[in-house]
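Coordinate analysis (summary)
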Amino acid sequence: MAHASHSTNRLAEETSPYLQQHAHLTEAELALTLTLFRPCAFRKGTELFHPGPVPDRLYFIETGLARAYRLVRGEDITSAFYGANSFCFDTLSIVAQVPTELYFECLTDVTAYEILIPHLNRLFRQVPPMERLGRRINEDLVCGLTERLRAFQMDDLRTRYLALLRQNPELIRQVPQRHIATYLGVKPESLSRMRAQL
């Protein structure tokens with residue numbers, strides 16, 4: 001029982017600032033929300049999701065870094081990165097209820113909080129601010145994907161790389177160059193040549 005209490009207290013300490021900033025929950029709403037998340041930890045290299053049925057859970061990352069990728073004709077292509085204070089899940093699969101095509105793996109050791117999709121749906125029904133937060137997260141993801149598509153169509157590699165460096169300098173330092181390269185849509189050798197010219 002003491003361990004459960006410790007986990008709940010830690011969860012409250014870590015997630016309450018985020019939830020209060022973005023969802024403005026009452027004490028009762030926050031208490032209900034916290035009961036539905038489960039603390040978990042993963043070692044570097046752990047696979048969180050893999051292609052197959054619609055995932056039955058998602059993660060809120062407290063510390064560490066993960067990525068989503070797909071295999072295209074045998075080549076590993078990174079599609080997204082997930083760092084601290086971000087929700088890690090396959091938006092298309094969960095929203096559209098279609099099988100996921102993505103692998104999700106931990107690039108570092110990760111501490112996170114897990115919530116099952118049925119519990120999340122219950123939360124959305126019972127705590128309206130959380131439903132609004134979920135909608136806002138999805139809207140932000142759509143905007144991010146739209147901007148990324150624009151950058152692929154309009155910007156050269158140097159511009160895309162420098163934008164990523166400005167937005168997330170820690171990502172550049174922590175992630176292997178081959179993952180950065182495929183995320184930017186180029187081969188690692190092309191990224192190396194461009195970086196040498198900066």
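1. Regarding the environment of Glu114
Relative to the assigned elements, Glu114 resides in strand β8 (residues 110-116). Through-space distance from the C-alpha of Glu114 to that of Leu36 is 8.4 Å; in sequence the pair is 78 residues apart. At 3.4 Å, the side chain of Glu114 and the side chain of Tyr59 are in polar contact.

2. A word on the confidence of the model for the protein
Residues of the protein with pLDDT of at least 70 account for 90%, and the chain-wide mean is 88. Highest mean pLDDT in the protein belongs to strand β7 (residues 103-106) (98); lowest belongs to helix α1 (residues 2-23) (56). Taken together, the stretch residues 1-8 has pLDDT below 50 and engages in one contact with residues farther than four places along the chain or on a different chain.

3. Here we look at the sheet that holds β7
Read across the open sheet, the four strands follow the order β2-β7-β4-β5; overall the sheet is antiparallel. Because the sheet does not close on itself, it has two edges, and the strands there are β2 (47-49) and β5 (75-82). Mean inter-strand twist for the sheet, computed between neighbouring axes without regard to direction, equals 35°. With seven bridges connecting them, strand β4 (residues 66-72) and β5 associate as antiparallel partners. Considered in β5, the bridge of Arg70 is made with Ile77.

4. Observations regarding the pattern of salt bridges
Between side chains of opposite charge, a pair can form as their charged atoms come close. For the structure shown, the criterion picks out 12 salt bridges. In this structure, Arg57 engages Glu114 in a salt bridge whose closest nitrogen and oxygen atoms are separated by 2.9 Å. A residue pair is termed long-range when its members are at least 10 positions apart, and Arg57 in strand β3 (residues 57-63) and Glu114 in strand β8 qualify at 57 residues. For Glu114, a relative accessible area of 7% corresponds to the buried category. Of the charged contacts in the structure, one is a salt bridge between Arg150 and Asp155, with a shortest N-O distance of 2.8 Å. The exposure class assigned to Arg150 is partly exposed, which follows from its relative accessible area of 34%. Given a relative accessible area of 21%, Asp155 falls into the partly exposed group. Three or more residues are tied together by salt bridges with common partners; here these are Arg38, Asp56, Arg57 and Glu114.

Reading guide: rules and limits
Residues numbered from 1 in each chain as written. Predicted model: local features only at pLDDT ≥ 70, side-chain atom pairs only at ≥ 80, totals over all residues. Heavy atoms only, no water. Helix = DSSP H or I, 4+ residues; strand = E, 2+ residues; numbered from the N terminus. Polar contact = N/O pair within 3.5 Å; in protein donor to acceptor, adjacent residues only side chain to side chain. pLDDT = per-residue confidence, 0-100. Contact = heavy atoms within 4.5 Å. Pairing = 2+ DSSP bridges. Axes fitted to C-alpha atoms, helices over the stretch in contact; angles between N-to-C directions. Salt bridge = Lys/Arg side-chain N within 4 Å of Asp/Glu carboxyl O. Buried < 20%, exposed > 50% of the residue type's maximum accessible area, 1.4 Å probe, protein only.

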